[in-house]
Amino acid sequence: MPVEERLNIVTCTAPVNIAVIKYWGKRDEELILPINSSLSVTLHQDQLKTTTTVATSRSFQEDRIWLNGKEEDITHPRLQSCLREIRRLARKRRNDGDPGLNSNSLSHRVHICSVNNFPTAAGLASSAAGFACLVYTLAQAFGVEGELSGIARQGSGSACRSIYGGFVQWIMGKEDDGKDSVAQQVEPENYWPELRILVLVASAERKPVGSTSGMQTSVQTSCLLKHRAESVVLDRMVQMIDAVKRKDFTAFAELTMKDSNQFHATCLDTYPPIFYLNHVSRQVINLVHRYNRHYGETRVAYTFDAGPNAVIFTLQQHVPEFVKVVQHFFPPDTNAGQFIKGLPVDCASLSEELEQAIGLEPMPKGISYMISTKAGPGPCIVEDSSQHLLGPDGLPKITV
Ligand code: 2P0
């Protein structure tokens, strides 16, 4: 029998998410249990996504994985946690006598191939989309249903929030075994259609300190982080969920900015300190506050993760003018490609009054490009079999 007839193959996509109440710090490194709850917005997969193909076959000798065209080490402990948990659930289903389960594949080895449609080095939370996609696709391949965020969490903490679309909270949980540390959808992706998101890519450099080791040092040394986890985040989660449910942009925006600032303050309070923001990030922060002050209302918000890129939240009606402002104060490199990627942005003019009110010195090429997007859905199955990343021989169609 040719190999392709014995190949069980499935392809799925999963989104990036951006936290507005940040996760930073673990109480259990192995299970990836956080010291505080967090909340994020899932970004639309039309702009940013991971695609993963999983194939199982009796003919495969060993589990293998290729990331962005390059074979990687499958023995990575976090990868192994996800594979082990999915296989455990599949076995449980078989033992419970589920007739719908393709139990053959249980003893088969897997080949996994995954690509991002955005640069990994741009610091756009590729591990969140990556592990969410891995777990979701493995679940399809092994016929596992039900709660998957607790498994994605064991790949990368923030990945549990990419299992759902829209507005998502990761409840920290209380149990030592992590069973109650799962993500839940707060509202779906179409709940607040006017909300727009702009990713301002400030630098394509890799971040100096990775999140995993950075948060470890913060937990060990920062008393501000301890205070944040014990006394700040609980109230903020309640307020943020309330702001989302009421579509109160002012409340949403102010909490988002304050939480980003406190996260970066805990990084500075870490010893030795961690700096994720750079001069471009600080210019974006100033620009947003001056823009809001000019209008006497909060029209735009920023948030920054473990890198210098800004993620901007605003309402649809303010996008054209704010984009114009960004282009004015960060004049693009005219030799580089398109400056605005993603959802189309209408043209707008910049008044002299607004330009003067902001009054910053322009920073040429400070931002290399921006991605215009909105909230989007959770992981999806790709039905078109021509999209599989693995060929009929179970090997990647494209390698680098
Ligand atoms: C977040 N970040 O809530 C925060 C804000 C970065 C800043 O989650 O060790 O890659 O894999 O659990 O999930 C980045 O941390 O860390 C992160 P691990 P992860 O999105």
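Just so it is clear, the structure is predicted and the values come from calculations on it, not from any experiment.

1. Quick look at the overall build of the protein
The number of helices and strands found in the protein is nine helices and 17 strands. Whereas a compact globule of 400 residues would reach a radius of gyration of roughly 21 Å, the protein reaches 22 Å, a difference of no more than 12%. In terms of principal-axis extent, the alpha carbons of the protein reach across some 75 × 45 × 40 Å. The proportion of buried residues among the 400 residues of the protein is 54%. Relative to all contacts within the protein whose residues are 6 or more apart in sequence, the contacts with residues 24 or more apart total 78%. Carbon and sulfur atoms form 49% of the exposed surface of the protein, whose accessible area is close to 17700 Å². Here the protein contributes 40 positive and 43 negative side-chain charges, whose respective centroids are spaced 3 Å apart.

2. Focus on the nonpolar core
Phe252 and Phe313 are the most contacted members of the largest nonpolar core, which totals 66 residues. Residues Val10, Ile65, Cys82 and Val135 belong to the second largest nonpolar core, which totals 30 residues.

3. Overview of the layout of surface pockets
Within this model, the second largest pocket holds a volume of roughly 330 Å³. Lining the second largest pocket are 13 residues, with Glu85, Arg88, Gly150, Gln154 and Lys179 positioned closest to its centre. Of all elements in the fold, only helix H1 (77-95) and helix H3 (149-153) reach the threshold of two or more residues within the lining of the second largest pocket. Residue classes in the lining of the second largest pocket are distributed as four nonpolar, three polar and six charged.

4. A look at the site of the ligand
Close to the ligand lie 18 residues; Tyr23, Lys26, Arg78, Ser156 and Ser158 are nearest. Contact distances for the ligand include 2.7 Å between an oxygen atom and a side-chain N or O atom of arginine 78. Within the contact set of the ligand, an oxygen atom lies 3.3 Å away from a side-chain nitrogen or oxygen of serine 127. If the ligand stood free it would expose 470 Å²; the protein chains cover 93% of that surface. No other element matches helix H4 (residues 211-221), which puts three residues into the shell around the ligand.

Reading the values: the criteria
Residues numbered from 1 in each chain as written. Predicted model: local features only at pLDDT ≥ 70, side-chain atom pairs only at ≥ 80, totals over all residues. Heavy atoms only, no water. Helix = DSSP H or I, 4+ residues; strand = E, 2+ residues; numbered from the N terminus. Rg over C-alpha atoms; globule rule 2.2 N^0.38 Å. Buried < 20%, exposed > 50% of the residue type's maximum accessible area, 1.4 Å probe, protein only. Contact = heavy atoms within 4.5 Å. Areas by Shrake-Rupley, 256 points an atom, 1.4 Å probe, with all protein chains shown as cover. Lys, Arg positive; Asp, Glu negative; His and termini not counted. Charge placed at Lys NZ, Arg CZ, Asp CG, Glu CD. Core = buried A, V, L, I, M, F, W, Y, C linked by side-chain atoms within 4.5 Å. 1 Å grid on protein atoms, 1.4 Å probe; cavity = no way out; pocket = protein on both sides within 12 Å on 5 of 7 lines; lining within 4 Å. Points joined across faces, edges and corners; volume = space filled by probe spheres on them. Nonpolar A, V, L, I, M, F, W, Y, C, P; charged D, E, K, R; others polar. Near = heavy atom within 4 Å. Polar contact = N/O pair within 3.5 Å; in protein donor to acceptor, adjacent residues only side chain to side chain.

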